Amino acid sequence: MGQKDFPDLSKEQLEKIVLDVTQFGLSAGLVMYPPAPFSNYAPTLAPITIFPTPFPRKQFEKSLAIEKIYNELYAAVVSEYKWLTCILKDLSVHDKDFTGKLWNCYLQALSNGIVQDVSLALVRSDYMYDELLGEIKQVEFNTVSVSFGGLSPKVGRAHNYLNQVGLYGQVSNESYYSSNELPISESDENLAKGLYSGVKYYNEKYLSGENKSIVLMVVQPNERNAFDQRAIEYNLLSKYNTVCKRVDLPDVLSSIEIKYDDKNRLFYHGLEVSVVYYRSAYGPSEFEMPDTWKSRTTLECTLAVKCPSLLTQLSGSKKVQQLLTSKTVLAQFLNNEKIAEIYDTFCKIYPLDDSEEGKLAKELAFSRPQDFVLKPQREGGGNNIYKEDIPVFLKTLPEAEWEAYILMELIHPKNHKNLILRNGEILNDGIVSELGIFGSYLFDEKSGKVLDNQVLGHLLRSKTSSSNEGGVAAGYGCVDNLYLY
Ligand code: ADP
Ligand code: MG
Ligand code: MG
C-alpha cells in the first residue's frame, strides 16, 4: 500500500478541526498544566499534532513484537548481579551527582536489609524510524517513571474522532483514513494492568482473605503531567479494584509507617502498600533535600514491590545500553534467536574510556561530531549534547570525566509535515517522531525468574525537525499518534 499524503484542507476546514480537536481533547482529559506558576484548577490541552503522522506498519509491528525480548533482557541484566554492580560502581565514580548518589542509596539499603527480591518495571523502549536504513533504531530503554501512556490513547481517539466525523477529508463527512490505519494505544488501561501484576503478587503472597492493599504513587510536587498519571490511577480502580494514593516525594517520610517487627510491611496512612510506583526520583534536582535520599532508601527496605527498585532503575543507564550493543555481552543474557530479533534495532554506541573502542570514539567525537550525540547518565530530556557542540563540551572537562558519557550515532528520522497545536497556536512545520513501546515485567531480581511479561501499548511523540530534543513536558515536543502505511 502506498502512503497517503496529508489531506489538503482549506483555512475554514482547519479552523473547524482546531476547535473540534480542542473540545474533544478537553472532554477526554487530554490535558496538562501549563508551565509554572499554574493553578491546580486550570489545565490546558496538551500539545498535540492535528494529523496522525505516517509510520511504516511493518516497523510498528516489529517494535511491538520485540518488546517482550527487551523486557526479558533488562530483567536478566539486573539478576546478573556481579556484572551490573561492577558497572554501576565504576559509573558512580565518574557520575557522582546522580548515578553515584543512587548507587549509595542502594548500598545503604543493602546494609539496612533488602527484604523484597521481586520487583516490577513499567518501561518504555523508544525508537526512531531511520529513513536512510529503512528500519527502526532504539533511542533508549527507560526503566523509571515512563510517561505519556495515559495521554497517548486520548490522542489516538482524538485523531480517530476527526477521521470518523469526516474532518480530514476534502469532501466533508468522508473518512480519509481507514480505521485500521489509526491504531489506538491501550496503554492507559494496560499500565494499570502492569501495576496490578505487582499488587496481585503481593496480595496472594502476604495478605490473607479479603484484605486489600494499595499502590503508592510517589510523584514530584507541582507535577504538570498529573493527568497522564491520573489516567493510570483511575484505570487501576475501575478495572482492578485497587486504590492508588499519590504522595509527593518530599512528603514520603512524614506519611508512611513501617512495621519493622513484621517483614517491614509498608503503610500509608494506615493502608498497606503492595506496590511503590515512582513517577519521580529520576533527576538530580529532586534530590536536593537530604530527606529525598532518605525516602528512596527507606522505601527500598520495605516489603512492598518497588516499581522500579534502585537496581532496576539503574539498569536503564545509558552506559548499560552502550555495553549491551556488544554481541558478546548480549550472549550472557539472551539466546541467539532472541539476539537476532533485536540486534538490528541497535545503533552504534561508543564508550569514552581507555579501551580500543573508547580511543576510537574520542577521535570520532572531534573528527566527525556532526554524526553523533553525547549522552550523560540522565533521564527526562534536555541533557544531551549534539553534533558540533560535542568537542566544545568535551574540552571543558578533564578527560577522566569523559567516561561518564556515551557517544551515540545519530539516527536519521524521516521528516514529515504536520501541524502542532500548542497553547492555542498552530505551528506549521516539519516534524520528526519517536515511537515508544510500553512494557512491564515482574521478576525476581535474585534468580532472574520473570513472573509476568507484557507489552502495554504505544506512544508517538513528535518535535519540530529543527530541535534536537523531543521532551513534551520539557516543552520541546508534542503527543502524536500513528498513521500506519
Ligand atoms: P532522555 O533519557 O533524557 O529522554 P534520550 O536518550 O531519549 O534521553 O535523548 C533525548 C532525545 O534526544 C530523544 O528523545 C531524541 O529526540 C534525541 N536523541 C537521542 N538519541 C538520539 C539519536 N541517536 N539520534 C537522534 N536523536 C536522538
Ligand atoms: Mg530516558
Ligand atoms: Mg528519552
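Calculation notes
- Residues numbered from 1 in each chain as written.
- Chains lettered and ligands numbered in written order.
- Predicted model: local features only at pLDDT ≥ 70, side-chain atom pairs only at ≥ 80, totals over all residues.
- Heavy atoms only, no water.
- UniProt positions renumbered as here; feature names shortened; annotations may be inferred.
- Donors = N, O, S within 2.8 Å, 3.2 Å for Na, K, Ca; no water.
- Buried < 20%, exposed > 50% of the residue type's maximum accessible area, 1.4 Å probe, protein only.
- Near = heavy atom within 4 Å.
- Polar contact = N/O pair within 3.5 Å; in protein donor to acceptor, adjacent residues only side chain to side chain.
- Helix = DSSP H or I, 4+ residues; strand = E, 2+ residues; numbered from the N terminus.
- Nonpolar A, V, L, I, M, F, W, Y, C, P; charged D, E, K, R; others polar.
- Pairing = 2+ DSSP bridges.
- Contact = heavy atoms within 4.5 Å.
- Core = buried A, V, L, I, M, F, W, Y, C linked by side-chain atoms within 4.5 Å.
- Arc of directions from axis to C-beta.
- Axes fitted to C-alpha atoms, helices over the stretch in contact; angles between N-to-C directions.
- Parallel < 35°, antiparallel > 145°, perpendicular 65-115°, else oblique.
- Left-handed = near helix turned anticlockwise from the far one by under 90°.

Per an unreviewed UniProt entry, the protein chain goes by the name Glutathione synthetase and belongs to Pichia membranifaciens. Heading Sequence similarities (unreviewed entry) of the UniProt record for the protein chain holds this comment: "Belongs to the eukaryotic GSH synthase family."

A.B. asks: Can you walk me through the coordination of the magnesium ion (ligand 2) in this structure?
C.D. replies: Put simply, a metal with four donors set out as a tetrahedron has ideal angles of 109.5 degrees, and one with six donors set out as an octahedron has ideal angles of 90 or 180 degrees. Bound to the magnesium ion (ligand 2) on the protein side are Glu 140 (OE), Glu 140 (OE), Asn 142 (OD1) and Glu 379 (OE), at distances that span 1.9 to 2.3 Å. On the primary sequence, the residues serving as donors to the magnesium ion (ligand 2) are separated as E-x1-N-x236-E. Between the magnesium ion (ligand 2) and the magnesium ion (ligand 3), the interatomic distance is 3.6 Å, and Glu 140 donates to each metal, bridging them. Asn 142 carries the same exposure label as Glu 140, and that label is buried.

A.B. asks: I tried to follow the site of ligand 1 on my own but got confused; where do I start?
C.D. replies: With respect to spatial proximity, 21 residues lie near ligand 1, and among them Lys 318, Lys 375, Gly 381, Tyr 386 and Glu 434 are the closest. In the environment of ligand 1, an oxygen atom lies 2.5 Å from a nitrogen or oxygen atom belonging to the side chain of Glu 434. Counting only elements with at least two residues in the shell around ligand 1, the list comes to β6 (135–142), β14 (372–375) and β16 (406–409). A class-by-class count of the residues in the shell around ligand 1 yields seven nonpolar, five polar and nine charged.

A.B. asks: So what exactly am I meant to see when it comes to the sheet that holds β16 here?
C.D. replies: The strands making up a sheet associate through hydrogen bonds between their backbones, and the pairing can be parallel or antiparallel. Ordered by their spatial adjacency, four strands build an open sheet running β13-β16-β14-β15, and the pairing between neighbours is antiparallel. Looking at strand neighbours, the two that pair on one side only are β13 (349–351) and β15 (385–386), the edges of this open sheet. Examined bridge by bridge, β14 and β16 share four bridges and lie antiparallel to one another. When the bridges of β16 are listed, Lys 375 appears paired with Ile 406.

A.B. asks: Whenever I open this one, the side chain of Asp 20 confuses me. Can you help?
C.D. replies: Relative to the assigned elements, Asp 20 resides in helix α1 (residues 11–28). With residues near it in sequence (within four places) discarded, Asp 20 still touches Tyr 161, Leu 162 and Leu 167.

A.B. asks: So what exactly am I meant to see when it comes to the nonpolar core here?
C.D. replies: Counting residues in hydrophobic clusters, the biggest one holds 63 residues, and the most contacted among them are Phe 55, Tyr 70, Leu 73, Trp 83, Val 218, Leu 324 and Phe 333. By residue number, the principal contributor to this core is helix α3 (residues 67–79), which donates eight residues. The contacts of Val 218, once residues within four sequence positions are left out, are Val 247, Leu 249, Val 252, Val 276, Tyr 277, Tyr 278, Arg 279, Ser 280 and Leu 299. Grouped together as the second largest cluster of nonpolar side chains are 52 residues, Ile 50, Leu 195, Met 217 and Val 305 included.

A.B. asks: What am I meant to see in helix α2 (residues 57–65) here?
C.D. replies: Looking at α2, one finds that the buried residues are Gln 59, Phe 60 and Ser 63. Here the buried residues of α2 occupy an arc of 105 degrees about the axis, which is enough to place them on one side. Along α2, exposed side chains directed more than 90 degrees from the buried face belong to Lys 58 and Ala 65.

A.B. asks: Explanation requested: the pairing of strand β9 (residues 256–259) in the structure shown.
C.D. replies: Every regular strand shows the same layout, with side chains that alternate between the two sheet faces. On β9, burial follows the alternation: Ile 256 and Ile 258 on one face are buried, whereas Glu 257 and Lys 259 on the facing-out side are not. Inspection of the sheet shows β9 paired to strand β10 (residues 265–268) by four bridges, in the antiparallel sense. Looking at the pairing, Glu 257 lines up with Phe 267 of β10. Once β9 ends, the chain turns through five residues before running back antiparallel as β10, passing Lys 263 with a positive phi of about 65 degrees.

A.B. asks: Please clarify how the packing of helix α4 (residues 81–94) against helix α5 (residues 96–112) should be interpreted in this entry.
C.D. replies: Between two packed helices, what matters for the description is the angle formed by their axes and the separation of those axes. It is the contact of α4 with α5, at a shortest axis distance of 7 Å, that shows an interaxial angle of 130 degrees. Comparing the axis directions of α4 and α5 gives the class oblique. The two elements α4 and α5 cross, and the hand of that crossing is left-handed. Contacts between α4 and α5 involve Tyr 81, Thr 85, Leu 88, Lys 89, Leu 91, Ser 92, Val 93 and His 94 from the former and Lys 96, Thr 99, Gly 100, Trp 103, Tyr 106 and Leu 110 from the latter. Its residues placed into classes, the contact of α4 with α5 shows seven nonpolar, five polar and two charged.

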